[in-house]
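Below, each chain spelled out in residue letters.
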Amino acid sequence: MTTIHMDSSVSQTVTRAVLNGGVLVCTKSSDKDVYSHSIWATESNIRQFTVHEGDSIVIPPGSTLTIWIFRKQPGNSTWTMDFELKEKAA
């Protein structure tokens, strides 16, 4: 299992390979209007999901996963989201 912490003051995007597939779970967000656009892509398919705290998505083997975090009313604030990526064993 991999923990991913995203902070808008540092970076709003992360990309990584998920070779054996797995599940991405949003475990925590700093506020109710914080959400992510999570996209997985394989050679033959691309899927985009809007993810809020408590949501999860299944990621197929051989995927590249990209996550962006957003806030509906950001103002001058920073915001965070935490994810757990549970990859299948090789």
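Keep in mind it's a predicted model, so treat the numbers as computed, not measured.

Calculation notes
- Residues numbered from 1 in each chain as written.
- Predicted model: local features only at pLDDT ≥ 70, side-chain atom pairs only at ≥ 80, totals over all residues.
- Heavy atoms only, no water.
- Helix = DSSP H or I, 4+ residues; strand = E, 2+ residues; numbered from the N terminus.
- Contact = heavy atoms within 4.5 Å.
- Polar contact = N/O pair within 3.5 Å; in protein donor to acceptor, adjacent residues only side chain to side chain.
- Salt bridge = Lys/Arg side-chain N within 4 Å of Asp/Glu carboxyl O.
- Buried < 20%, exposed > 50% of the residue type's maximum accessible area, 1.4 Å probe, protein only.

Moving on, we get to the environment of Leu65. With respect to the helices and strands, the residue Leu65 is situated in strand E7 (residues 63–71). Residues Leu65 and Lys32, 33 residues apart in the sequence, show an inter-C-alpha distance of 23 Å. Here Leu65 is in contact with Val14, Thr15, Arg16, Val18, Leu24, Ile39, Trp40, Ile59 and Leu85, once residues within four sequence places are set aside.

Let us look at the side chain of Arg71. If you trace the backbone, Arg71 turns up in strand E7. At 2.6 Å, the side chain of Arg71 and the side chain of Asp31 are in polar contact. Not counting the four nearest positions on each side in its chain, Arg71 is found in contact with Asp31, Asp33, Val34, Tyr35, Ser77, Thr78 and Trp79.

Turning our attention to the pattern of salt bridges. Across all of its chains, the model carries three salt bridges by this definition. One salt bridge connects Asp31 with Arg71, and the closest N-O pair in it is separated by 2.6 Å. Taken together, the positions of Asp31 in the loop between strand E3 (22–29) and strand E4 (34–41) and Arg71 in strand E7 put the pair 40 residues apart, joining distant regions of the chain. The class for Asp31 is partly exposed, based on a relative accessible area of 36%. Arg71 gets classed as buried once you look at its relative accessible area, which sits at 17%. Here the salt bridges do not stand alone but share partners, grouping Asp31, Asp33 and Arg71 into one network.

Along the chain, the position of Asp33 falls in the loop between E3 and E4. Exposure remark for Asp33: the relative accessible area of 17% places this residue in the buried category. At 2.8 Å, the side chain of Asp33 forms a polar contact with the side chain of Arg71. Contact partners of Asp33, with chain neighbours within four places excluded, come to Phe70, Arg71, Lys72 and Gln73.

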